[in-house]
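# A structural walkthrough
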Amino acid sequence: KAMIPFLSAPLMVGLDGGMGSGKTTFVRSLGTNLGSKDWINSPTYSIIQQYDATPFQLIHIDLYRTHHSSEIDHLDIPSLIDENSLVFIEWIDKTTLFTPDILIKFKRLNELHREIQISSTKFDWIQQIK
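The residue numbering used here restarts from 1 in each chain and proceeds along that chain's sequence as written. This being a predicted model, a pLDDT of at least 70 is required before a residue's local features are given, and a value of 80 or more before pairs of side-chain atoms are given or counted; all residues contribute to the totals for chains, interfaces and linings. Heavy atoms from the whole structure form the basis of all side-chain values; hydrogens and water molecules are not counted.

### Quick notes on unusual backbone geometry
Glycine aside, residues mostly have negative phi, and peptide bonds are mostly found in the trans state. For clarity, the cut-off: Helix and strand assignments come from DSSP, with helices taken as H or I runs of at least 4 residues and strands as E runs of at least 2, each series counted from the N terminus.
The amide bond that connects Ala 9 to the next residue, Pro 10, takes the cis arrangement and shows omega of -5 degrees. Among the secondary structure elements, Pro 10 is positioned in the segment before β1 (11-16). Although it is not a glycine, Asp 76 adopts a positive phi angle of roughly 50 degrees. Within the fold, Asp 76 resides in the loop between α2 (69-74) and β4 (85-90). Positive phi, normally seen in glycine, also occurs at Trp 91, with a value near 65 degrees.

### Digging into the packing of aromatic side chains
The test is simple: We call Phe, Tyr and Trp rings a pair once their centres come within 6.5 Å, taking the six-membered ring for Trp, and we label the pair stacked below 30 degrees between planes, edge-to-face above 60, and tilted otherwise. In this scheme, a residue with accessible area under 20% of its type's maximum is buried, one over 50% is exposed, and one in between is partly exposed, where area comes from a 1.4 Å probe on protein chains only.
If you walk through the whole model with that rule in mind, you get five aromatic pairs. Pairing Phe 6 with Trp 125 gives two aromatic rings, centres 5.0 Å apart and planes at 5 degrees, and the pair type is stacked. With Phe 6 in the segment before β1 and Trp 125 in the loop between β6 (114-119) and α3 (126-129), this pair connects stretches of sequence that are 119 residues apart. For Phe 6, a relative accessible area of 28% gives the class partly exposed. Where Phe 26 meets Phe 88, the ring centres are 6.5 Å apart and the plane angle is 65 degrees; that geometry is what we call edge-to-face. Of this pair, Phe 26 sits in helix α1 (residues 23-33) while Phe 88 sits in strand β4; the two residues are 62 residues apart in sequence, bridging distant segments of the chain.

What follows is the structure, encoded as structure tokens:
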């Protein structure tokens, strides 16, 4: 929730962390707080899901099932992004084709607790929400 006042599109956010670390839950919570009426679920099988969170278009991508850069390149992710897009890419560590504006690393400490590290070389406001 603390990020919402600072969000502007287009924006690409890389999400890094193991299974069950909270990546999809984070995107779902952010989408809900941005006013999306859609149920945001894991795009593990569809790979790409899009949701309306007016004025933003949320693009949620999961690279878990991809195995090669060529597969990721064929998704043609840049063609999905426009001036209203907030793009969240789970398993960002599987590619070097994109450099996210913000990188969020999730670590599952136990069933109820997660450690989250947020970094950006583009935005100074990241320091304000830590």
